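Each chain, written out:
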Amino acid sequence: MELIYSMRRKPLKCEPPHFNSTDPEVVRPICTISIRNIIAFSSLTELSDTDGDTWGGHVYVCDIDTPWDAHKVTSTVHPVSALEWDGEGKQLLVATTVGDVSVFGQKDYLLNEWTCLYTANFPGEHIIQATFFHNGRRVVTVDKKPDVPIYERMQLLRSTPTLKGFGGVWCAGACVVSGSGLVGALTAGEGGRALVATDCMRPARDHLSSASITHKTGSMLIAACFRRGCKRAVRVARCTVSRPSSSKCAPVCIQLQPLPTVYLEDDVTSVSISWWLRDDTDALLIASHNLTLWKMVERSHPLHKLLAKGPVQGSTTPGGGPKTGDCFNTIVWQQAASWQLEGSSPATAVSAARHAAPALAVLVTSRAMHLLTRDSHHYLVSRPIITGGSSEVSSEATPPKKANYGGTVPSGAPCATVHSVAMSWLGAVCVALDTHSQIHVYRLQPQADMSSSQFVSQAVSQLEYGLVAGVDTRDVLLTVGGVSEGVYERLTENFQRQPASFQQYFYHTWLRLRIALCWLSPSSSCSAASLQSLQSALSVWAACVAGLRDDRGDSALLAALANDDLIADDKNLLALEAKADLSSEATSQALQPLQALRRLLQRALNIALTMLASLQPSNLHQLHTHNVYELYSDPVAVSVLRRLVCVSRACGRGGDPLSRPLARLASAHKPDLIEECMSVCLSWTAREWEGPPRCCVSAPHPRQLPLYLEYGVEPDMLRYVPEPPPHAQSDTSASQDMDSIRYMYLGGRGRAARWRQCGRCGARALPEPRAAPHALQRAYDGRYLAHCRCGGNWTLVSNV
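Keep in mind that what you see is a predicted model, and the values were worked out from it rather than measured.

Definitions and cut-offs
Residues numbered from 1 in each chain as written. Predicted model: local features only at pLDDT ≥ 70, side-chain atom pairs only at ≥ 80, totals over all residues. Heavy atoms only, no water. Helix = DSSP H or I, 4+ residues; strand = E, 2+ residues; numbered from the N terminus. Contact = heavy atoms within 4.5 Å. Areas by Shrake-Rupley, 256 points an atom, 1.4 Å probe, with all protein chains shown as cover. Salt bridge = Lys/Arg side-chain N within 4 Å of Asp/Glu carboxyl O. Buried < 20%, exposed > 50% of the residue type's maximum accessible area, 1.4 Å probe, protein only. Axes fitted to C-alpha atoms, helices over the stretch in contact; angles between N-to-C directions. Parallel < 35°, antiparallel > 145°, perpendicular 65-115°, else oblique. Left-handed = near helix turned anticlockwise from the far one by under 90°. Nonpolar A, V, L, I, M, F, W, Y, C, P; charged D, E, K, R; others polar. Phe/Tyr/Trp six-rings, centres within 6.5 Å; stacked < 30°, edge-to-face > 60°. Core = buried A, V, L, I, M, F, W, Y, C linked by side-chain atoms within 4.5 Å. Pairing = 2+ DSSP bridges. Expected span 1.5 Å × (residues − 1). Polar contact = N/O pair within 3.5 Å; in protein donor to acceptor, adjacent residues only side chain to side chain.

Student: Residue-level account of the overall build of the protein chain, with values.
Tutor: When helices and strands are counted, the protein chain shows 16 helices and 40 strands. A separation threshold of at least 6 residues defines the contact pool for the protein chain, and within that pool the share at least 24 residues apart is 64%. Summed over all atoms, the accessible surface of the protein chain reaches about 35000 Å², with 51% contributed by carbon and sulfur.

Student: Tell me about the pattern of salt bridges, residues and numbers included.
Tutor: This structure, assessed with the given rule, holds 24 salt bridges. In this structure, the salt-bridge partner of Lys72 is Glu46, at a minimum N-O distance of 2.7 Å. Taken together, the residues span a long stretch of sequence, with Lys72 in strand 5 (residues 71-76) and Glu46 in the loop between strand 3 (38-43) and strand 4 (57-63) at a distance of 26 residues. What makes Lys72 partly exposed here is its relative accessible area of 33%. Look at Glu46 and you get partly exposed, because its relative accessible area is 23%. Glu688 is paired through a salt bridge with Arg603; the nearest N and O atoms lie 3.8 Å apart. Taken together, the residues span a long stretch of sequence, with Glu688 in the loop between helix 15 (673-683) and strand 33 (694-695) and Arg603 in helix 11 (residues 598-613) at a distance of 85 residues.

Student: Account for the packing of helix 11 against helix 14 (residues 656-666), with residues named and values stated.
Tutor: Between helix 11 and helix 14, whose axes approach to 11 Å, the crossing angle comes to 55°. By the criterion of interaxial angle, the relationship of helix 11 to helix 14 is oblique. Along this stretch, helix 11 crosses helix 14, giving a crossing that reads as left-handed. The segment helix 11 lies against helix 14, with Leu605, Ala608, Leu609, Met611 and Leu612 engaging Leu658, Pro661, Leu662 and Leu665. Tallied by class, the residues present in the contact of helix 11 with helix 14 amount to nine nonpolar, no polar and no charged.

Student: Residue-level account of the packing of aromatic side chains, with values.
Tutor: This structure, assessed with the given rule, holds ten aromatic pairs. Judged by centre distance (6.0 Å) and plane angle (55°), the rings of Trp85 and Trp114 are tilted. Taken together, the residues span a long stretch of sequence, with Trp85 in strand 6 (residues 80-85) and Trp114 in strand 9 (residues 114-121) at a distance of 29 residues. Residue Trp85 shares its accessibility class with Trp114, and that shared class is buried.

Student: Could you give me a rundown of the nonpolar core, with the residues and numbers involved?
Tutor: With 119 residues, the main nonpolar core has Tyr5, Phe41, Ile439 and Leu658 as its most contacted residues. In terms of residue count, helix 7 (residues 525-548) provides more of this core than any other element does, eleven residues in total. Residues in contact with Ile439, not counting those within four places in the same chain, are Tyr5, Ser6, Met7, Ile39, Phe41, Cys62, Val431, Ala432, Leu433 and Tyr711. Counting residues in hydrophobic clusters, the runner-up holds 24 residues, among them Phe133, Leu163, Ile213 and Met220.

Student: Could you give me a rundown of the sheet that holds strand 10 (residues 127-132), with the residues and numbers involved?
Tutor: Pairing between the strands of a sheet comes from backbone hydrogen bonds, and it takes one of two forms, parallel or antiparallel. One open sheet accounts for four strands, arranged 10-13-14-15; its pairing is antiparallel. The open sheet terminates on both sides in strands that have one partner only, identified here as strand 10 and strand 15 (194-200). Across the sheet, the axes of successive neighbouring strands diverge by a mean angle of 20°, strand direction being ignored. One ladder, built from seven bridges, connects strand 14 (residues 182-188) with strand 15; its direction is antiparallel. Residue Leu186 lies in a different strand from strand 15, and its bridge partner there is Val196.

Student: Describe helix 6 (residues 507-518), naming the residues involved and giving the relevant values.
Tutor: With twelve residues, helix 6 ought to run about 16 Å at 1.5 Å a step, and its terminal C-alpha atoms sit 17 Å apart, in line with that. The inward-facing, buried residues of helix 6 contact helix 2 (452-469), helix 3 (474-480), helix 4 (484-496), helix 5 (500-505), helix 7 and helix 13 (635-650).

Student: Break down the packing of helix 11 against helix 15 for me, citing the residues and quoting the values.
Tutor: At a minimum axis separation of 9 Å, helix 11 and helix 15 run at an interaxial angle of 135°. Between helix 11 and helix 15, the angle is such that the two are oblique. Pair helix 11 / helix 15 crosses with left-handed handedness. Between helix 11, through Leu609, Leu612 and Ala613, and helix 15, the contact on the second element is made entirely by Cys677, Met678, Val680 and Cys681.

Student: So what about the pairing of strand 31 (residues 429-434)? Which residues, and what values?
Tutor: Remark: a regular strand shows side chains that alternate across the two faces of the sheet. Among the six residues of strand 31, six are classified as buried, and the element is accordingly described as predominantly covered. Along strand 31, one buried face is formed by Val429, Val431 and Leu433 and the opposite face, lined by Cys430, Ala432 and Asp434, is buried too. Direction of pairing for strand 30 (residues 418-423) relative to strand 31: antiparallel, over a ladder of five bridges. Residue Val421 lies in a different strand from strand 31, and its bridge partner there is Ala432.

Student: Provide a residue-level description of the sheet that holds strand 8 (residues 100-106), including the pertinent values.
Tutor: Pairing within the open sheet is antiparallel, and its four strands lie in the order 6-7-8-9. Of all strands in the sheet, those bounded by a partner on one side alone are strand 6 and strand 9. When the angles between neighbouring strand axes are averaged without regard to direction, this sheet yields 20°. Direction of pairing for strand 7 (residues 91-96) relative to strand 8: antiparallel, over a ladder of five bridges. The partner of Ala95 across the bridge, within strand 8, is Val101.

Student: Break down the side chain of Ser274 for me, with residues and values.
Tutor: In this fold, Ser274 is placed in strand 20 (residues 272-275). Among all residues touching Ser274, those that are not within four sequence positions of it are Ser212, Leu284, Leu285, Val350, Ser351 and Ala352.

Student: With reference to specific residues and values, describe the side chain of Asn606.
Tutor: Position of Asn606 relative to the elements: it lies in helix 11. You can call Asn606 buried: its relative accessible area is 4%. Among the polar contacts made by the side chain of Asn606, one reaches the side chain of Tyr743 at a distance of 2.7 Å. Excluding its chain neighbours within four sequence positions, the residues that come into contact with Asn606 are Trp684, Ala686, Arg687, Glu688 and Tyr743.

Student: Tell me about unusual backbone geometry, and name the residues and values.
Tutor: Note the cis peptide between Leu705 and Pro706, where omega equals 0°. Look at Asp108: it is not a glycine, yet its phi comes out positive at around 55°. In this structure, Asp108 sits in the loop between strand 8 and strand 9. Phi at Ser437 is positive, roughly 60°, even though this residue is not glycine. Checked against the element boundaries, Ser437 lands in the loop between strand 31 and strand 32 (439-443).

This is how it looks when you write it as structure tokens:
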């Protein structure tokens, strides 16, 4: 376990007494992390407030790779007591101490703009836990050898969703638990108001201090710790939600079935509970002065022979019959493991892995963090949590201010304690939040003496699970470090051994992973730019194929270009390159829609020219001796670029000098090919370099871990500007003033009014225009409307 980075905030000039109180009734900041690796956390004051004028509840979100860009979601008068993401990372539930529950979603897919979807109110209820309904889809890992195909090691299970609608489809909604034992289910209604149904865990209300919810085969298991005097116990109930009518406007029905209770010791002061997994689990973690693991098992109790159903042993019934006995089966809690806490500090929070692959859990006290596994009765590693200032704080951070009552307060909060922790979905990192809303991200290592090959195998397994399950893998990339090249080689080898159908389905996701891995190392920046150029060429070709499918013309050119088997049929492509300038009426009418993609076709021509310019003897030698990717070495890239050049010629957009070198490049290389490519490049200077500068934690910066950052201050020490090779340098190369999606300038002579920016790869794009352009251009823009090409979230930046 190693600290990756720690966020700092400007300290308050005068802190109230209850800010660092040890009273368990005081509401403290909480955090959670989504499947897209977006951290949501609450704060008692605004992050930029140093005077203490904004007391209340403030909810912020930030990307795990750029945590200094924290964007506010909402502000409430009362403190925030529950935060939860949905299963797709698109909606965020915010609940307060007075029973106000709101569900927020991103506006226009922007991370810094949020809108309220629907709200609900439970008057007088203190919401302590919430969760969204399960959609019934789950990917599980089967214990098999690494050389087994991925589709056999990872299987997609379709269980019963929490709430079913017409035809058995999944219906969205959420479930909340209050501090008095009230359980509420809410679904979206009309006019921004939610449809609410409630029930109580017991007829007599209890005082609940903490709760945890997991999904179990179409229902939910709710575990809540209650306190009555000096007695403490954990009550468990099964919650089932149903809709009696098929209409979405009809309210739901909620039903609770009590399960056995876990009774705790009398001297327990504070208790934190968490289910070991989020889906299909019967194991419960209970943390107080020690940590215990309880498992729900079915136990049989033999009955007396007079109460048995049927003949038993020793029966005098004529005819005899089978001599068997009956048993009564019941569900009980059985303690499976126990971990002792070092020192007198009790546990403040506990969090377990989201799925069964990493069998890890994190236990947090006020000043330390412990990593444990289910198979061991000892802690794997323990680390202290430093929440105060440090001499390694970046120079860009705000200098410390003087306190009102003598002394100086360093950057950060020396008296802050950790009270919330959350594990990422892939189990690679964990996020801890202290009482001053400062984020601390730790890298989890199951074994301290793990060799590099074992670490590579574990990282590749996590990346493959994210590939199949659709989970963002940025948390794994933060932990790869210096073995990124080994992970890249192993991931590429494993993927190329998979069946053709599997490779075709997950090809674009695999390509995105390869780009992200190459950007982790400065020596692989050229390979990352080449892979990103391939990604751009494939997206342009997909837009062209949509325009080539025209029913009005039956042109041989269109039929051949739209053929998916053209890669293997090189003769047809050679014939098309020879007659791509056909000017028949049917071809002209069919190619007319492709004029809307003129900028994208120009991008493809520039990519093809850059590929020909990179064909040099030194690059060929480096390609055979090192793990370097180049476009000219990939038959798929060469074939796609040949198609795009053919379409560009047919549309009258140019590209005639590129056809012959590309056709010769697809066949066996001849000695005079390089000379021909150089002569073409001398007459055409437009080049394309897919490597914009970026500033993020995963960039290959020279700084050593841990990193000490500050909210709202972009650290220049993490900025990475990749240098293009000599063959990719030109006056018309793409820059920061260019739209990376539409291949056009942002405008404003270097100072555009508004644009969208990706926090991970640094790409920029214009906001979505209100006046819709051509349908083909609109379809192409829709591919990157929700996320950037790298999978990151868009943020709206304005100079107005």
